[in-house]
Amino acid sequence: MYSQGLIGADGRTHETPEFLEAFQKRIDAEEKIEPNDAMPAGYRKTLVRQIGQHAHSEIVGMLPEGNWITRAPSLKRKAALLAKVQDEGGHGLYLYCAAETLGVSREEMTEELLSGKAKYSSIFNYPTLSWADIGTIGWLVDGAAIMNQIPLCRCSFGPYARAMIRVCKEESFHQRQGYEIVMTLAQGTPEQKAMAQDSLNRWWWPSLMMFGPHDADSQHSDQSMAWKIKRFSNDELRQKFIDATVPQAEYLGLTVPDPDLKWNEEKGGYDHGPIDWDEFWRVVKGHGPMARDRIKARKKAWDDGAWVREAALAHAQKRRARKMAAE
Ligand code: FAQ
């Protein structure tokens, strides 16, 4: 299905050892792979899976923050939040387009999301209970997203790598606006500081889970790294994120909710306490606190938008017919 029309009309690949070796040589030489290039079916499948999940995450990720647009505490905050949520919609669109170049349609990807077959990031299954959560999402969730996505700008697949460049620039703005919200609260009244601390307490561990399972349990990492889709392992990126973020929390005067967090001089990074992997897998398998609401909201948007898709299609058909008649 994914190779439709791209590798050959029959959709078959030529995965002889010579073909695979020649493909790996291109990867090792840091050549970009483009949509019409021959590629192993597994490479295509991995990219469709990852880019599709990434696109769904951006779109589902609009919901927790969208929840606060009408309640932002000032016009300035509302305008910035609106722009951020709109950016996330844009990121989803670039990513769906990148995946479409691999021969999968947006309809197919959306059907997979709505049926529960395709995943989206675990982080968006948690509720946004206070305004402070909007700051914390920008600071931690966009911060984690940037840490994960900067290496994706060097992904071997051209359309994904190019989409990531713009996405990362925008995420950087998102991270700063989030940090600034948290800083305002942390330097505000004792109640505001308590709100910021409560929010950090609830989002810290789920943010660490965004990087995926422990390396030993990451089924795709080895192959994805050999194909230079991923450049760092899940644990490596998680460690980089912790090392960058703990000093930011200290600057804010907030406490990271991990009693085992300790600077390790020898490794030049922080040691941290155990991550609750049972919670991670529960959420990944669709049992997160907001999972049902998120899919319900996406299904409603997809159903409500059906007439727009139909009208756009009818319009395109009409134009094509008119053009052909004039030729
Ligand atoms: N949540 O073998 P691995 C954002 C699944 S964008 C749910 O390690 P892989 C912007 C994984 O899919 C956030 N599922 O997998 C924003 C696989 O299941 P499968 C999204 C997860 O692919 C900010 C299984 O576990 N970012 O935040 C998660 O090598 C603010 C085994 O895992 C991306 O998608 C998880 N956290 O590594 C928007 C970045 N982790 O498919 C709004 C691109 C793992 O076999 C507001 N993706 N799983 O059924 C990646 O870098 C990778 O896909 C990883 C996972 C690192 C997420």
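Higher on the page you've got the structure.
Residues numbered from 1 in each chain as written. Predicted model: local features only at pLDDT ≥ 70, side-chain atom pairs only at ≥ 80, totals over all residues. Heavy atoms only, no water.

K.L.:
Hey, could you go over the site of the ligand for me, with residue numbers and the actual values?
P.N.:
Around the ligand sit 36 residues in total, of which Gln53, Lys119, Ser218, His220 and Lys230 are the nearest. One nitrogen or oxygen atom from the side chain of His220 is found 2.6 Å from an oxygen atom belonging to the ligand. Protein contacts shield 93% of the accessible area of the ligand, which totals 1100 Å² for the unbound molecule. Of all the elements in the fold, those that place two or more residues in the shell around the ligand are helix H2 (41-60), helix H4 (75-100), helix H6 (131-149), helix H7 (158-186) and helix H11 (277-287). Here the residues of the shell around the ligand are counted per class, giving 13 nonpolar, 14 polar and nine charged. (Near = heavy atom within 4 Å. Polar contact = N/O pair within 3.5 Å; in protein donor to acceptor, adjacent residues only side chain to side chain. Areas by Shrake-Rupley, 256 points an atom, 1.4 Å probe, with all protein chains shown as cover. Helix = DSSP H or I, 4+ residues; strand = E, 2+ residues; numbered from the N terminus. Nonpolar A, V, L, I, M, F, W, Y, C, P; charged D, E, K, R; others polar.)

K.L.:
Which residues make up the pattern of salt bridges, and what values do they have?
P.N.:
Summed over all chains, the structure comprises 17 salt bridges. Put simply, Asp37 and Arg26 hold a salt bridge, and the shortest N to O gap is 3.2 Å. On the criterion of sequence distance, the pair formed by Asp37 in the loop between helix H1 (17-28) and H2 and Arg26 in helix H1 is long-range, its members being 11 residues apart. Put simply, Asp133 and Arg202 hold a salt bridge, and the shortest N to O gap is 2.8 Å. (Salt bridge = Lys/Arg side-chain N within 4 Å of Asp/Glu carboxyl O.)

K.L.:
Could you give an account of the packing of aromatic side chains, with specific residues and numbers?
P.N.:
Any two aromatic rings considered together are summarised by their centre-to-centre distance and by the angle between their planes. Going through the model one piece at a time under the given rule, you end up with 10 aromatic pairs. Ring centres of Phe23 and Tyr43 lie 4.9 Å apart, and the angle between their planes is 70°; this geometry places the pair in the edge-to-face category. Here Tyr43 lies in helix H2 and Phe23 lies in helix H1, a separation of 20 residues in the sequence. As far as burial versus exposure is concerned, Phe23 and Tyr43 are alike and both buried. Summarising the aromatic geometry, the rings of Phe280 and Trp281 are spaced 4.8 Å apart at their centres and angled 70° between planes, so their arrangement reads as edge-to-face. A network of ring pairs unites the aromatic residues Phe23, Tyr43 and Trp227 as a single cluster. Here Arg71 stacks its cationic end above the ring of Trp68, 4.0 Å away from the centre of that ring. (Phe/Tyr/Trp six-rings, centres within 6.5 Å; stacked < 30°, edge-to-face > 60°. Buried < 20%, exposed > 50% of the residue type's maximum accessible area, 1.4 Å probe, protein only. Lys NZ or Arg CZ within 6 Å of the ring centre and 35° of its normal.)

K.L.:
Lay out the packing of H4 against H7 in plain terms, naming residues and giving numbers.
P.N.:
As a packed pair, H4 and H7 sit with axes 10 Å apart at the nearest point and diverge in direction by 160°. In terms of orientation, H4 lies roughly antiparallel with respect to H7. Helix-helix and strand crossings are classified by hand; for H4 and H7 the assignment is left-handed. Counted by class, the contact of H4 with H7 contains 10 nonpolar, four polar and nine charged residues. (Axes fitted to C-alpha atoms, helices over the stretch in contact; angles between N-to-C directions. Parallel < 35°, antiparallel > 145°, perpendicular 65-115°, else oblique. Left-handed = near helix turned anticlockwise from the far one by under 90°.)

K.L.:
Before we move on, can you summarise helix H12 (residues 291-304) with the specific residues and values?
P.N.:
Note: α-helices contain 3.6 residues per turn, so residues at a spacing of three or four share the same orientation. Between its first and last C-alpha, H12 extends 20 Å over 14 residues, near the 20 Å set by a 1.5 Å rise per residue. For H12, the elements touching its buried residues are H2, helix H3 (62-66), helix H5 (106-114), H11 and helix H13 (306-326). (Expected span 1.5 Å × (residues − 1). Contact = heavy atoms within 4.5 Å.)

K.L.:
I'd like to hear about H5, residue by residue, with values.
P.N.:
Those residues of H5 lying buried are Met109, Thr110, Leu113 and Leu114. Projected down its long axis, H5 shows its buried positions confined to an angular sector of 135°, all on one face. Against H2, H4 and H12 lie the buried residues of H5. Positive backbone phi, at 90°, marks Gly116, one or two positions downstream of H5. (Arc of directions from axis to C-beta.)

K.L.:
Quick one: what's the story with the packing of H4 against H6, residue by residue and with numbers?
P.N.:
H6 packs onto H4 with a crossing angle of 45° between their chain directions and a minimal axis gap of 13 Å. As summarised for this structure, H4 and H6 are arranged oblique, according to the angle between their axes. In terms of crossing hand, the pair formed by H4 and H6 is left-handed. Across from Arg77, Leu81, Lys84 and Glu88 in H4, the residues of H6 making contact are Trp131, Ile134, Ile137, Gly138 and Asp142. Broken down by class, the residue content of the contact of H4 with H6 amounts to four nonpolar, one polar and four charged.

K.L.:
Report on the environment of Leu254, specifying residues and quantitative values.
P.N.:
For Leu254, the location among the structural elements is in the loop between helix H10 (234-252) and strand E1 (262-264). The buried category is assigned to Leu254, whose relative accessible area is 6%. C-alpha separation for the pair Leu254 and Ile150, spaced 104 residues apart in sequence, amounts to 27 Å. In contact with Leu254, not counting residues within four places along its chain, are Trp139, Val182, Ala186, Lys193, Ala196, Gln197, Leu200 and Ala249.

K.L.:
How would you explain the nonpolar core if you had to name every residue and give the values?
P.N.:
Side chains that are nonpolar tend, in soluble globular proteins, to be buried together. Core analysis: the largest hydrophobic core is formed by 47 residues, its most contacted members being Trp131, Trp139, Trp204 and Leu254. When contributions to this core are tallied by element, the ones reaching two or more residues are H4, H6, H7, helix H8 (190-209), H10 and H11. Once residues within four sequence positions are removed from consideration, Trp204 is found in contact with Leu140, Phe241, Ile242, Thr245, Val246, Val256, Pro257 and Asp258. Within the second largest apolar cluster, 28 residues are counted, among which are Ala55, Met109, Phe157 and Ala161. (Core = buried A, V, L, I, M, F, W, Y, C linked by side-chain atoms within 4.5 Å.)

K.L.:
Kindly report on the environment of Ala226, identifying the contributing residues and their values.
P.N.:
Tracing the backbone through its elements, the reader meets Ala226 in helix H9 (residues 221-226). If we skip the residues at most four places from it in the chain, Ala226 touches Gln24 and Ile27.

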